[in-house]
Structures are given as structure tokens and as C-alpha cells.
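Structure assessment
Residue strings, one per chain:
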Amino acid sequence: YVLDLADVVPGSRQSAELVAARRAEAEVERRRPVQLVIGLGLLVLLTATNVLQVARSGVLGLLASEMEASGLTDAHQAVYGAVAVVSAVLALGIVGLGIAIWRGHPRSRIVLMVLLTLSVLGDMGRVQALGVRQTTWSFLVSSGLSVLALLAISARPVHQWERARKAERRERRDRRRP
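Residues numbered from 1 in each chain as written. Predicted model: local features only at pLDDT ≥ 70, side-chain atom pairs only at ≥ 80, totals over all residues. Heavy atoms only, no water.

1. Overview of the environment of Ala 88
Tracing the backbone shows Ala 88 in helix H4 (residues 75–103). Considered as a pair, Ala 88 and Val 51 are 37 residues apart in the sequence and their alpha carbons are 9.0 Å apart. (Helix = DSSP H or I, 4+ residues; strand = E, 2+ residues; numbered from the N terminus.)

2. Considerations on the pattern of salt bridges
Within the structure shown, the criterion is met by three salt bridges. With a shortest N-O distance of 2.6 Å, Glu 162 and Arg 109 are connected by a salt bridge. Residue Glu 162 is located in helix H7 (residues 156–176), and its partner Arg 109 is located in helix H5 (residues 106–130); the two are separated by 53 residues in the primary sequence. With a relative accessible area of 1%, Glu 162 lands in the buried category. Since its relative accessible area comes to 7%, Arg 109 is described here as buried. (Salt bridge = Lys/Arg side-chain N within 4 Å of Asp/Glu carboxyl O. Buried < 20%, exposed > 50% of the residue type's maximum accessible area, 1.4 Å probe, protein only.)

3. Here we look at a positive patch on the surface
A cluster of like positive charges, contributed by Arg 107, Arg 163, Lys 166, Arg 170, Arg 172, Arg 173, Arg 176 and Arg 177, occupies part of the molecular surface. If one sorts the elements of the positive patch by residue count, H7 sits on top with six residues. Looking at where Arg 170 falls in the secondary structure, it is placed in helix H7. (Patch = residues over 30% accessible without salt bridge, like charges linked within 9 Å, V, L, I, M, F, W, Y side chains within 5 Å. Areas by Shrake-Rupley, 256 points an atom, 1.4 Å probe, with all protein chains shown as cover. Lys, Arg positive; Asp, Glu negative; His and termini not counted. Charge placed at Lys NZ, Arg CZ, Asp CG, Glu CD.)

4. So, the packing of aromatic side chains
Counted according to the given criterion, the structure contains zero aromatic pairs. Directly above the ring of Phe 139 sits Arg 126, whose terminal nitrogen or CZ lies 4.4 Å from the centroid. (Phe/Tyr/Trp six-rings, centres within 6.5 Å; stacked < 30°, edge-to-face > 60°. Lys NZ or Arg CZ within 6 Å of the ring centre and 35° of its normal.)

In C-alpha cells, the structure reads:
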């Protein structure tokens, strides 16, 4: 909408419509991009998949059995408790990054992109070390979700939206300064 100041008449209906149209356009630009919503949804699915993968893993029981055989009492509780604490901390960290990304903080998006990239690289290293025949469906699903979340969060509209939020924060900060 082009607003020519010579055409503006205070109190006229056309001027009010132009102002309303500008407000509506500004609100549309503030909406979160679809890629961001999809990326964060994939991140929630990835976290749930990883938690289920750890919970169903037989490695924890094996580790606890070996610890009990070596003489440690209550090894099952210690192993499962330690894994639960670590999983909870990681899940809360991912949730915290997701909330920061939802609010438009670009550094949190970058940190999450780095973590997802490292996750994918670790998964590919695991495939290289153990071979393709050792992969499971949950491993494939978590790797796929990591890649898809990385692609969604690194999309150009998400980057542009975060830059606009950053510009808004700077503008508000500059207005508050005397």
C-alpha cells in the first residue's frame, strides 16, 4: 500500500482504510513462518523418539546387571536414575531452545542447528562403525527427524522472520534509551 502524504485527509475513510491495511500487513509479517512451526513440531517428535529409544534399549538392563555382578547393590535404580536425569536435562535444554526460537532469538536457532548437525554426524558415524545391518527403525526415524528439523529450522523464511524480530527488539531498546 502506497501512502502519499498529499492524499491523506485527517478523518477521511480512505486514509483510515490505508492505515488499517498497513496494520494488517505488518501483522501478517509478524506471523511465524510455517517452516518454524513444522521444525519445532519435528523437534518435539525427535525428543519423544529419543526418550522412547533410550527407555526401550536393552543396554541399560545389561549395564545394570553387570554392575550388580561386580558387587554394586541397587545398580538398576542407579543406572535408570542416572539415565532419567540426563534425559530430563537434555529434554529441558531442547525445550528451552525451542521456546527461545519461538520467541525469535537467532542464537538459540544457531545452537540448535549445531546440535542437530552434530547429532546427524554422530548417527552417520555410528552407521559407519557398526554397519548398516545394525541400524534399527527407531534409529532411522530419529536420524530422519533430525535432518528434517534441521532443514525446516534453517529455511530462509525462518531466518528472515528472526531478523525482523531482532530489528524490533533493537528498535524498542533504542526508544527506551534517552
